[in-house]
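Chain by chain, the residues:
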Amino acid sequence: MDVSEKLGKNLKRVRTAKKLSQGDIARALKVHRAYISGIENGKRNPTLATISKIAEALKVSVDELLK
């Protein structure tokens, strides 16, 4: 499993555990919901800055998303 797939799986796991939709995260980051979907599916490769913003929106560490 590559790092993009790991990020996607962890993003989805944390997001669903916190009962947030892809739309909730997309609105917090001011991006399109399809972009969040792409990250969760391992199709998108977000920058470190974006990963950091996602972690902030989910109130978890970047480490939690990348482990």
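The rules behind the values
Residues numbered from 1 in each chain as written. Predicted model: local features only at pLDDT ≥ 70, side-chain atom pairs only at ≥ 80, totals over all residues. Heavy atoms only, no water. pLDDT = per-residue confidence, 0-100. Helix = DSSP H or I, 4+ residues; strand = E, 2+ residues; numbered from the N terminus. Core = buried A, V, L, I, M, F, W, Y, C linked by side-chain atoms within 4.5 Å. Buried < 20%, exposed > 50% of the residue type's maximum accessible area, 1.4 Å probe, protein only. Contact = heavy atoms within 4.5 Å. Arc of directions from axis to C-beta. Polar contact = N/O pair within 3.5 Å; in protein donor to acceptor, adjacent residues only side chain to side chain.

(A) Examining the confidence of the model for the chain more closely. Chain-level pLDDT for the chain is 95 on average; 100% of the residues reach the 70-or-more range. Per-element mean pLDDT across the chain ranges from 94 in helix H5 (residues 62-66) up to 97 in helix H3 (residues 33-40).

(B) Structural view of the nonpolar core. Formed by 14 residues in total, the largest nonpolar core has its most connected members in Leu11, Ile36, Ile39, Ile54, Leu58 and Leu65. Among the elements of the structure, helix H1 (3-17), helix H2 (22-29), H3 and helix H4 (48-58) are those that each provide at least two residues to this core. The biggest single contributor to this core is H4, with four residues. Here Ile36 is in contact with Leu11, Gln22, Ile25, Ala26, Leu29 and Val31, once residues within four sequence places are set aside.

(C) Spatial organisation of H2. Inspection of H2 places Gln22, Gly23, Ile25, Ala26 and Leu29 among the buried residues, and these make up the whole buried set. Seen from one end, H2 has its buried residues packed into an arc of 160°, which puts them on one side. Turned more than 90 degrees away from the buried face of H2, the exposed residues are Arg27 and Ala28. Tucked inside the fold, the buried residues of H2 contact H1, H3 and H4. Its side-chain oxygen at 3.3 Å from the backbone nitrogen of Gly23, Ser21 defines the N-terminal cap of H2.

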